[in-house]
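Architecture and fold: a report
What follows is each chain in one-letter form.
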Amino acid sequence: MKASTKEQGKGKMHELKGQVKETAGKATRNVSMEQQGRGEKITGKVEKNVGKAEKKLEK
């Protein structure tokens, strides 16, 4: 598997994990968990975009 594909997969995983944390934080009114979820979601989006950029550079 190419590095760009792995990076996109890791990004998607972090994004989903962050979304779950954010939703759980909202449901339990846990501001800290909600903020962690947002941060992880943003990290996932960045990783996913890095993977896309690497894929374009491989061509």
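Anything mentioned here points back to the structure above.
Criteria and cut-off values
Residues numbered from 1 in each chain as written. Predicted model: local features only at pLDDT ≥ 70, side-chain atom pairs only at ≥ 80, totals over all residues. Heavy atoms only, no water. Salt bridge = Lys/Arg side-chain N within 4 Å of Asp/Glu carboxyl O. Helix = DSSP H or I, 4+ residues; strand = E, 2+ residues; numbered from the N terminus. Buried < 20%, exposed > 50% of the residue type's maximum accessible area, 1.4 Å probe, protein only.

1. Some details on the pattern of salt bridges
- Counted under the stated rule, the structure contains eight salt bridges.
- For Lys2, the salt bridge is made with Glu58, and the minimal N-O distance between the two is 3.9 Å. Residue Lys2 is found in the segment before helix 1 (3–28), and its partner Glu58 is found in helix 2 (residues 31–58); the two are separated by 56 residues along the sequence.
- Classification of Lys2 as exposed rests on a relative accessible area of 53%.
- One salt bridge connects Glu22 with Lys26, and the closest N-O pair in it is separated by 3.9 Å. With Glu22 and Lys26 both in helix 1 and four residues apart, the pair spans about one turn of that helix.
- Residue Glu22 is classed as buried on the basis of its relative accessible area of 9%.
- Beyond isolated ion pairs, a larger network of salt bridges with shared partners links Glu22, Lys26, Glu34, Arg38 and Lys41.

2. Description of unusual backbone geometry
- Backbone geometry at Arg29 places phi at a positive 60°, although glycine is not the residue there.
- Relative to the helices and strands, Arg29 resides in the loop between helix 1 and helix 2.

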